[in-house]
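Topology and contacts: notes
Residue-level listing of the chains:
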Amino acid sequence: MEYDKWEPIYKKIVEDFGFSEDADADAAQLLSNLLIGPVKADLNDLTDVIKGKDTLICGNAPTLKKDLEQVNPSDHVIIAADGATSVLLEQGLIPDVIVTDLDGDVEKEIEANKKGALMVVHAHGDNTGKILSFVPLLTNIIGTSQTKPPHGLYNFGGFTDGDRCVFMAHQLGATSMTLVGFDFDDDNVDEIKKKKLNWARRLIEGFA
Ligand SMILES: Nc1ncnc2c1ncn2[C@@H]1O[C@H](COP(=O)(O)OP(=O)(O)OP(=O)(O)O)[C@@H](O)[C@H]1O
Ligand SMILES: Nc1nc2c(c(=O)[nH]1)N=C(CO)CN2
Ligand SMILES: [Mg+2]
């Protein structure tokens, strides 16, 4: 997504949650500084995995395991939003791509990364500790930001890990996007999560 189109949405999100744009930009710069040398994947690698493919985008709602029974994952490129990775691994499925701000079960993400999953790691003002701890343990990484991307990072648009999967797959030319594990009406979540899910719903509905 053109940053100019994303920026007004980002400003509304920042205002709604009281995030600091400076902290988001500093986090993006930190990730940019860490993504040097062979750990960094090329955008072409990610594009090759997604372009012209039917994608299965996996959110981490409690419905994920059941939803997976209704599809044939092997017909799709599997894109996991953060915590969905663990559920997929339990089902014997290795995601092709993991979109994460590293606040899920990162040990499982490291395991999937070692088995070939491409990592799309997101920087924001509240995950710099996770970036510093975990980026050195990963490989094949594409970095993303929610601010204007600094050198080597991308901003496909999107806010939560799940809706960022959708923006990314759309921008990189997926033929189709099938969503599983998305339950925006899940009441078993805290208030901040509920608010994040409402943004995810709103952003994903923009694609409908
Ligand atoms: N009911 C749900 N509970 C949790 N995640 C959901 C749900 N429905 C959809 N999702 C999507 O699944 C994604 C991955 O979920 P996970 O539990 O790993 O959350 P998370 O890593 O805390 O999310 P984020 O970091 O984006 O806040 C979320 O970003 C969200 O877009
Ligand atoms: N600054 C900031 N940005 C975010 C945050 C967050 O907690 N803080 N959470 C996100 C995914 O839910 C995405 N972006
Ligand atoms: Mg996350």
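By the naming in an unreviewed UniProt entry, the chain is 6-hydroxymethyl-7,8-dihydropterin pyrophosphokinase, taken from Methanohalophilus portucalensis FDF-1. Listed in UniProt under the heading Sequence similarities (unreviewed entry), the comment for the chain reads: "Belongs to the archaeal 6-HMPDK family." Regarding the chain, the relevant UniProt record gives this comment under Function (unreviewed entry): "Catalyzes the transfer of diphosphate from ATP to 6-hydroxymethyl-7,8-dihydropterin (6-HMD), leading to 6-hydroxymethyl-7,8-dihydropterin diphosphate (6-HMDP)."

Considered as a void within the structure, the largest pocket measures approximately 640 Å³ in volume. Around the largest pocket, the lining comprises 35 residues; the ones closest to its centre are Thr160, Asp161, Gly162, Lys193 and Leu197. Secondary structure elements with two or more residues in the lining of the largest pocket: helix H8 (161-171) and helix H9 (191-205). Among the elements that take part in the lining of the largest pocket, H9 stands out by supplying five residues, more than any other. Its residues placed into classes, the lining of the largest pocket shows 11 nonpolar, 12 polar and 12 charged.

Spatially, the seven strands line up as an open sheet ordered E6-E5-E4-E3-E2-E1-E7, and their pairing is parallel. Pairing within the sheet leaves two strands with one partner each, and these edge strands are strand E6 (153-154) and strand E7 (176-180). With five bridges joining them, strand E1 (residues 54-58) and E7 adopt parallel strand pairing. Across the sheet, Ile57 pairs through a bridge with Leu179, a residue of E7. Most of the contacts of helix H3 (residues 43-50) go to strand E4 (residues 118-123), to which it runs at about 120°, and overall it touches E1, strand E2 (77-81), strand E3 (97-100), E4, strand E5 (141-145) and E6.

Here the focus is the coordination of the magnesium ion (ligand 3). Taken together, Asp82 (OD), Asp101 (OD), Asp103 (OD) and Asp161 (OD) make up the protein donors of the magnesium ion (ligand 3), found 2.0 to 2.1 Å from the metal. Taken together, the six donor atoms coordinating the magnesium ion (ligand 3) and their angles of 76 to 173° define a geometry best described as octahedral. For Asp101, a relative accessible area of 8% corresponds to the buried category.

What you see with E3 is no split at all: Val97 and Val99 on one side and Ile98 and Thr100 on the other are buried throughout. Summarising the sheet, E2 and E3 pair through three bridges and their orientation is parallel. The residue bridging Ala80 from the neighbouring strand is Ile98, located in E3. With helix H5 (residues 84-90) bridging E2 and its parallel neighbour E3, the resulting β-α-β unit is right-handed.

This part takes up the site of ligand 2. Phe19, Asp24, Asp101, His124, Gly125, Asp126, Gln146, Phe159, Thr160 and Lys196 make up every residue found near ligand 2. The separation between a nitrogen atom of ligand 2 and a polar side-chain atom of Lys196 is 3.1 Å. Burial of ligand 2 by the protein amounts to 91% of the accessible area it has alone, namely 330 Å². More than half of the atoms of ligand 2 fall within 2 Å of the grid points belonging to the largest pocket. Split by residue class, the shell around ligand 2 holds two nonpolar, four polar and four charged.

Moving on, we get to the pattern of salt bridges. This structure, assessed with the given rule, holds eight salt bridges. A salt bridge links Lys11 to Glu21; the shortest N-O distance between them is 3.2 Å. Of this pair, Lys11 sits in helix H1 (residues 3-17) while Glu21 is found in helix H2 (residues 21-34), placing the two residues 10 residues apart along the sequence. Using a relative accessible area of 32% as the deciding quantity, one classes Glu21 as partly exposed. Counted as one network, the salt bridges with shared partners bring together Glu7, Lys11 and Glu21.

In this section: the site of ligand 1. Lining the immediate surroundings of ligand 1 are 19 residues, of which Asp82, Gly83, Thr160, Asp161 and Lys193 lie closest. Burial of ligand 1 by the protein amounts to 90% of the accessible area it has alone, namely 570 Å². Here ligand 1 occupies the largest pocket. Residue classes in the shell around ligand 1 are distributed as four nonpolar, six polar and nine charged.

Definitions and limits used
- Each chain carries its own residue numbering, running from 1 in the written order of its sequence.
- A letter from A marks each chain and a number from 1 marks each ligand, given out in the order of writing.
- Note on the predicted model: pLDDT of at least 70 is required for a residue's local features to be given, and 80 or more for side-chain atom pairs to be given and counted; whole-chain, interface and lining totals, by contrast, use all residues.
- Working from all heavy atoms in the structure, the side-chain values ignore hydrogens and water.
- UniProt positions are given in the numbering used here, feature names are shortened, and annotations may be inferred rather than shown by experiment.
- Definitions used for this entry: grid spacing 1 Å over protein atoms alone; cavity, a set of points where a 1.4 Å probe fits but cannot get out; pocket, an open set with protein on both sides within 12 Å along at least 5 of 7 lines; lining residue, one with an atom within 4 Å of a point.
- Grid points are joined across faces, edges and corners, and a volume is the space filled by probe spheres set on the points.
- Numbered from the N terminus, helices here are DSSP runs of H or I no shorter than four residues, and strands are runs of E no shorter than two.
- Put simply, Ala, Val, Leu, Ile, Met, Phe, Trp, Tyr, Cys and Pro go in the nonpolar bin, Asp, Glu, Lys and Arg in the charged bin, and everything else, Gly too, in the polar bin.
- Pairing between two strands requires that DSSP report at least two bridges joining them.
- Any two residues having at least one pair of non-hydrogen atoms within 4.5 Å are treated as being in contact.
- Whenever a helix is involved, its axis is fitted only over the stretch in contact; in every case the axis is a line through C-alpha atoms, and angles between N-to-C directions fall within 0 to 180 degrees.
- Think of the donor list as every N, O and S atom within 2.8 Å of the metal, or within 3.2 Å for Na, K and Ca; water never makes the list, so a site can look incomplete.
- Donor angles set the geometry label: tetrahedral for four donors if every angle is between 85 and 135 degrees, square planar for four and octahedral for six if opposite donors exceed 155 degrees and the others are between 65 and 115, irregular for anything else.
- Under the scheme applied here, a residue whose accessible area is under 20% of the maximum for its type counts as buried, over 50% as exposed, and between as partly exposed, the area being computed with a 1.4 Å probe on protein chains only.
- Handedness of a crossover: with both strands directed away from the viewer, a clockwise path from the first strand across the helix to the second marks it as right-handed.
- Working definition: residue near molecule or strand if any one of its non-hydrogen atoms lies within 4 Å of it.
- We define a polar contact as two N or O atoms separated by no more than 3.5 Å, with the added condition that, inside protein, one atom must be a possible hydrogen donor and the other a possible acceptor, whereas residues neighbouring each other in sequence contribute only through side-chain atom pairs.
- Shrake-Rupley sampling with a 1.4 Å probe provides the accessible areas, and residues are treated as covered by the protein chains on show and by no other component.
- To qualify as sitting in a cavity or pocket, a molecule needs more than half of its atoms within 2 Å of the grid points.
- Each salt bridge in this description consists of a side-chain nitrogen of Lys or Arg and a carboxyl oxygen of Asp or Glu lying within 4 Å of one another.

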